[in-house]
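# Structural characterization, general
Residues per chain are reported as follows:
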Amino acid sequence: MNTSRLIRAIGAAFAVSVAAQFPAQVAVAAPAATESAVRAPAGVDIQYRTVVIDGVKVFYREAGPKDAPVLLLLHGFPTSSQMFRNLIPQLADRYRVIAPDYPGYGQSDMPAMDKFQYSFDNLAKVVDKFTVAVGASKYALYVQDYGAPIGFRIASAHPERVTAIVVQNGNAYDEGIDNDFWAPLKRYWADKSTANGEKLRPTFELAATKWQYTEGVRDVRHISPDAWTVDQAYMDRPGNKDIQLELFYSYGTNPSLYPGWQAYFRKHQPPMLIVWGKNDKIFPAAGAHPYLRDLPKAELHLLDTGHFALEEDGATIGALMRDFLARKLK
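Here is a short report on the structure shown in this document.

Here Thr79 shows up in the loop between β3 (70-74) and α3 (88-91). C-alpha of Thr79 to C-alpha of Asp101: the two residues are 22 residues apart in sequence and 8.8 Å apart in space. Leave out the neighbours within four places in its chain, and Thr79 touches Tyr105, Tyr213, Asp231 and Phe308.

Going through the model one piece at a time under the given rule, you end up with 27 aromatic pairs. Ring centres of Phe77 and Phe204 lie 6.2 Å apart, and the angle between their planes is 75 degrees; on these two criteria the pair is classed as edge-to-face. With Phe77 in the loop between β3 and α3 and Phe204 in the loop between α7 (194-198) and α8 (206-214), the pair connects residues that are 127 residues apart, well separated along the chain. Assessed through its relative accessible area of 4%, Phe77 is described here as buried. These aromatic residues form a ring-pair network of at least three members: Phe77, Phe120, Tyr146, Phe181, Trp182, Trp189, Phe204, Phe248, Tyr251 and Phe283. Cation over ring: Lys192 sits above Tyr249, and NZ or CZ is 4.5 Å from the ring centre.

A few words on unusual backbone geometry. Residue Pro78 is reached from Phe77 by a cis peptide bond, and omega for that bond is 0 degrees. Within the secondary structure, Pro78 is located in the loop between β3 and α3. Of note in the backbone geometry, Asp145 takes a positive phi value of approximately 55 degrees without being a glycine. For Asp145, the location among the structural elements is in the loop between β5 (139-143) and α5 (147-157). Of the residues examined, Asp145 reaches a relative accessible area of 4% and is grouped as buried.

Orientation of helix α4 (residues 120-133) relative to α5, taken along the N-to-C sense of each, is 65 degrees, at an axis distance of 9 Å. Between α4 and α5 lies a crossing of right-handed hand. Only Pro149, Ile150, Arg153 and Ile154 of α5 make contact with α4, whose side of the interface consists of Phe120, Asp121, Leu123, Ala124, Val127 and Asp128. Across the contact of α4 with α5, the residue classes break down as seven nonpolar, no polar and three charged.

Turning our attention to the side chain of Asp101. Within the secondary structure, Asp101 sits in the loop between β4 (96-100) and α4. Despite its burial, Asp101 pairs with no opposite charge, the nearest such side chain being Arg61 at 5.2 Å. Here Gln107 takes part through its backbone nitrogen, which lies 2.8 Å from a polar atom of the side chain of Asp101. Residues within four places of Asp101 in sequence aside, it is in contact with Val58, Phe59, His75, Ser80, Ser81, Gly106, Gln107 and Ser108.

Quick look at the sheet that holds strand β2 (residues 56-63) now. Read from one edge of the open sheet, eight strands run β1-β2-β4-β3-β5-β6-β7-β8, paired in mixed fashion. At either end of the open sheet lies a strand with only one pairing partner, and these are β1 (47-53) and β8 (299-303). Averaged over all adjacent pairs, the angle separating strand axes in this sheet is 20 degrees, with direction ignored. Relative to β5, β3 is paired through four bridges, and the arrangement is parallel.

This brings us to the pairing of β4. Of all five residues making up β4, five are buried, and the element is well covered by its neighbours. By the alternation rule, side chains of β4 split into Arg96, Ile98 and Pro100 and Val97 and Ala99, which are all buried. Sheet topology note: the β3/β4 ladder contains three bridges and is parallel. For Val70, the partnering residue across the bridge sits in β4 and is Arg96.

This part is about the nonpolar core. One finds Phe152 and Tyr291 to be the most contacted residues of the largest nonpolar core, which totals 68 residues. It is α4 that provides the largest number of residues to this core, a total of six residues. Those residues within four positions of Phe152 in sequence are excluded, and the remaining contacts are Val143, Ile165, Val167, Asn171, Ala172, Trp261, Phe265 and Tyr291. Core analysis: the next-biggest nonpolar cluster, separate from the first, contains 33 residues, Met83, Tyr95, Ala140 and Tyr142 among them.

Each value, and the rule that gives it
- Residues numbered from 1 in each chain as written.
- Predicted model: local features only at pLDDT ≥ 70, side-chain atom pairs only at ≥ 80, totals over all residues.
- Heavy atoms only, no water.
- Helix = DSSP H or I, 4+ residues; strand = E, 2+ residues; numbered from the N terminus.
- Contact = heavy atoms within 4.5 Å.
- Phe/Tyr/Trp six-rings, centres within 6.5 Å; stacked < 30°, edge-to-face > 60°.
- Buried < 20%, exposed > 50% of the residue type's maximum accessible area, 1.4 Å probe, protein only.
- Lys NZ or Arg CZ within 6 Å of the ring centre and 35° of its normal.
- Axes fitted to C-alpha atoms, helices over the stretch in contact; angles between N-to-C directions.
- Left-handed = near helix turned anticlockwise from the far one by under 90°.
- Nonpolar A, V, L, I, M, F, W, Y, C, P; charged D, E, K, R; others polar.
- Lys, Arg positive; Asp, Glu negative; His and termini not counted.
- Salt bridge = Lys/Arg side-chain N within 4 Å of Asp/Glu carboxyl O.
- Polar contact = N/O pair within 3.5 Å; in protein donor to acceptor, adjacent residues only side chain to side chain.
- Pairing = 2+ DSSP bridges.
- Core = buried A, V, L, I, M, F, W, Y, C linked by side-chain atoms within 4.5 Å.

Take a look at the structure:
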């Protein structure tokens, strides 16, 4: 399948309005962000650092007071901590904000596949050790896309460390992957053949990366082309697409962990803010609502945008986070 056909197929996958099925549970329109809530604090000092975890250099962005509550930002596919470039300044006056790149992403090392296990279990171990290395013994989590299975592994293993969770188009329920986008991945999970893998490789090309940023947005003029250009440059490095394919296969280990993550939610009731681009064809709003079954006090906002909601609604998300974290973090 060529790239254009794949993108057309993906774009046609979400044909039903999920919001109509849950009319009373969510705030579809988020409150308008006030200037004071989202204005970048004057003189924000964002630092770009690295730390070595088990021989792998992990790059991270950090800003904010060292003694402030920690906010750990975990990025999705196919991006890196650069997805938080505009969010960090909105929060750094109140919080110590830390955003790492996983191995194989962004400015972190990209070890060869025979030197490093590219699995969600292993990425979670690296991030867990990273938090220890940077002195983050307690933290609020922001999880998006791949950040969700990484963050939820850590949170369910160390519930005492997690002070709150912000979920942005990150899945923990079967309903969230019950759509056409996931059909070829599920075939690959069941049969890791070369043929099934080749059908997924167009997802690693520029047209698909751009589609992830632009599909479902209100106005593509709000979306900086730098975002998909930077992501694609990292993914075009020799060997990186093989890494991405291996992680596509490893994603198949996540659904069996959903019941355990849901049990963690029910038992520990972490404060949760859900800010979800409701037009996302990868993780549609069908995956947002089920959190309320296990976390009835969670705050859910469906935003009229797509997968990378920060690109178009970063100011709104920043304002919602400032309000939520101010109420939930003591």
